[in-house]
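Examination of the molecular architecture
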Amino acid sequence: MLRSNLTPPPPAPAPLSPPSPPSVMPIRVASVPASHVYVRHLAPPDGVDDGVRRLPDPPTSGRSEQSQWWPPRMLDAEWVRRHHDEFDVFHVHFGFDAKTPDELRELIGALESCGKALVLTVHDLRNPHHVDRREHDAQLDVLVPAARGLITLTDGAAREITARWGRRPTVIPHPHVLELDDMGRRQARRDDRGGRPARVGLHLKSVRAGMAPTVVLPALVRAVEALDGGAVLQVNGHAELLEPGGKVYDPDLASLVHGLGDRIDLRVHEYLTDDELWDYLASLDASVLPYRFGTHSGWLEACRDVGTAVVAPSCGYYADQGPVETYVLDEGVFEEASLGEAVRRALASDAPTVSVSERERQRLEVAVAHRRLYESLLG
């Protein structure tokens, strides 16, 4: 069941080169947010200067250092009016779900009055935290037509955006999630994993609206038990979800999970640090995404970074985002047999591994693409 580690390495790519001369005029970007890992990795690798300067997130009182950008103060129209001379381009990624459509119209009015271009990256066409999609759709109906620069991560999402709003966005893929040094270390550790059963992971976290654990988990138990040669199903969940008294305690899900006994390897814990999360992902042979709706996934990219196969649902554009094994799950249908087949395929062959050098080159290409888009708006 274990995937072979004998796949020959890809040929070494040509050396990286800067996208533009060191003397290029800086472009100042108010990026909402700036500290999110996705946004941080839009900058080129160390040693390369693309001339883009992203403003730091204005701190929000009462929040942890990790999430101090939430709710994003840059999305306040008054912040734009006060700080418009500090940036050239205003780029929205995440956080606008904290704003009503009317507040977003006020933001756009402030940007227009200050002569600043709005860039929008459409990460989510369906908000994974909202059961009802109408609020997110209304927010996109304000932002997408107003954006002078429009980006998304996959061709599939681009086609949907074109169908819904009549605009064709620039497609720029998701960069790596792990730091490049962390990628190399964890990929190297995978070479010494022989002699143990295959390990399939289902991570419940604290369950957001787009997840369907009560549908996927029982079927996944049966699928793993049916595998030839044996395998382990590891289920991770936050204590606040699975222990009585937790902030988001779900008694039905907790009963289901605990009732499975030794049919699963259950790990109940607090929120993992980044290092703990990367170690967990790297310990798996396959990670199953239990989403009934969604669009793109940073989790998928982190799995690619550590060399772990991804079993993804048919909803959203996960298969466009990277190599995955797909099973049928969306808001209206679930095919259990397809889940079992996808898990078998994921364990029977090598996960397509993206190398550190490939991720480094992709990150440079991503940075160049953003720089060129910004330049086109300021031209």
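Structure shown above.
Criteria and thresholds
- Within every chain, residues take consecutive numbers counted from 1 along the sequence as written.
- Reporting in this predicted model follows two pLDDT cut-offs: at least 70 for local features of residues, and 80 or more for side-chain atom pairs to be given and counted; totals over whole chains, interfaces and linings ignore these cut-offs and use all residues.
- Where side-chain values are given, they derive from all heavy atoms of the structure, hydrogens and water being excluded.
- Starting at the N terminus, helices and strands are each numbered in turn, a helix being any DSSP run of H or I of at least four residues and a strand any DSSP run of E of at least two.
- For the exposure calls, accessible area comes from a 1.4 Å probe over protein chains only, and a residue counts as buried if that area is under 20% of its type's maximum, exposed if over 50%, partly exposed in between.
- Working rule for contacts: check all heavy atoms of both residues, and any pair within 4.5 Å makes them a contact.
- Residues scored as positive are Lys and Arg, those scored as negative are Asp and Glu, and His as well as the terminal groups of each chain are ignored.
- A charge is said to be at NZ when it belongs to Lys, at CZ for Arg, at CG for Asp and at CD for Glu.
- Think of the arc as the fan of directions from the helix axis to the C-beta atoms.
- Polar contacts, as used here, are pairs of N or O atoms within 3.5 Å; protein pairs need one atom able to donate a hydrogen and one able to accept it. Residues neighboring in sequence count only if both atoms are side-chain atoms.
- A helix is expected to reach a length of 1.5 Å times the quantity of its residues less one.
- Pairing of aromatic rings covers Phe, Tyr and Trp, the last counted by its six-membered ring, and requires centre-to-centre distances within 6.5 Å; plane angles under 30 degrees mean stacked, over 60 mean edge-to-face, and any other angle means tilted.
- Geometrically, a lysine NZ or arginine CZ counts as sitting over a ring once it is within 6 Å of the ring centre and also within 35 degrees of the ring normal.
- Paired strands, as defined in this entry, are two strands with at least two bridges between them according to DSSP.
- Should a side-chain nitrogen of Lys or Arg be within 4 Å of a carboxyl oxygen of Asp or Glu, the pair is scored as a salt bridge.

With that settled, the discussion passes to the overall build of the protein. Along the backbone of the protein there are 14 helices and twelve strands. With 379 residues in all, the protein has 51% of them scored as buried. Taking as baseline every contact in the protein between residues at least 6 positions apart, the subset at least 24 positions apart corresponds to 72%. Put simply, the protein has 42 plus and 55 minus side-chain charges, and the middle of one group is 3 Å from the middle of the other.

Looking along the chain, the bond that leaves Val 32 and enters Pro 33 is cis, with omega of -5°. The topology assignment puts Pro 33 in the loop between strand S1 (27–32) and helix H1 (37–40). Of note in this structure, Lys 205 is not a glycine but carries a positive phi near 50°. Unlike most non-glycine residues, Val 207 shows phi in positive territory, near 55°. Relative to the elements of secondary structure, Val 207 occurs in the loop between strand S7 (198–205) and helix H7 (213–225). Val 207 gets classed as partly exposed once you look at its relative accessible area, which sits at 27%.

A few words now on helix H9 (residues 251–259). Among all positions in H9, only Leu 253, Ala 254 and Val 257 are buried. Buried residues of H9, viewed axially, fall in a sector of 100°; they line one side. More than 90 degrees from the buried face of H9, the exposed residues found are Asp 252, Ser 255 and Gly 259. Tucked inside the fold, the buried residues of H9 contact S7, H7, helix H8 (239–242) and strand S9 (265–269). The residue sitting at the N-terminus of H9 and contributing the capping side-chain oxygen is Asp 250; that oxygen lies 3.1 Å from the backbone nitrogen of Asp 252. Positive phi shows up at Gly 261, right after H9, with a value of about 55°.

The terminal C-alpha atoms of helix H3 (residues 101–113), which comprises 13 residues, lie 18 Å apart, in line with the 18 Å expected from a rise of 1.5 Å per residue. Within two residues after H3, Gly 115 carries a phi angle of roughly 70°, on the positive side.

Let us now look at the packing of aromatic side chains. Geometrically, a pair of aromatic rings is defined through the distance of the ring centres and the angle of the planes. In this structure the tally under the stated criterion is six aromatic pairs. With centroids separated by 6.4 Å and ring planes inclined at 90°, the aromatic side chains of Tyr 327 and Phe 334 adopt a geometry described as edge-to-face. Judged by relative accessible area, Phe 334 falls into the partly exposed class, the value being 24%. Of the aromatic side chains, those joined through ring pairs into one cluster are Trp 79, Phe 87 and Phe 90. For Arg 126, the ring lying beneath its charged end belongs to Phe 293, and the centroid distance is 3.7 Å.

The subject of this paragraph is the pairing of S1. Side chains on a regular strand alternate between the two faces of the sheet. In terms of residue burial, S1 counts as a mostly covered element, since five of its six residues are buried. Pairing geometry for S1 and strand S2 (residues 52–54), over three bridges, is parallel. Bridging across to S2, Ile 27 finds its partner in Val 52. Looking at chain direction, S1 and strand S3 (residues 89–92) are connected through four bridges and run parallel. In the sheet register, Ser 31 faces S3, and the bridge partner there is His 91.

Counted by the stated rule, this structure contains 30 salt bridges. For Arg 53, the salt bridge is made with Asp 49, and the minimal N-O distance between the two is 3.1 Å. Residue classification places Arg 53 among the partly exposed positions, given a relative accessible area of 38%. With relative accessibility at 34%, the residue Asp 49 sits in the partly exposed group. Notably, a salt bridge pairs Arg 359 with Asp 305, separated by 2.8 Å at the nearest N-O pair. Placement of Arg 359 in helix H14 (residues 356–378) and of Asp 305 in helix H11 (residues 298–306) is noted, with a sequence separation of 54 residues between them.

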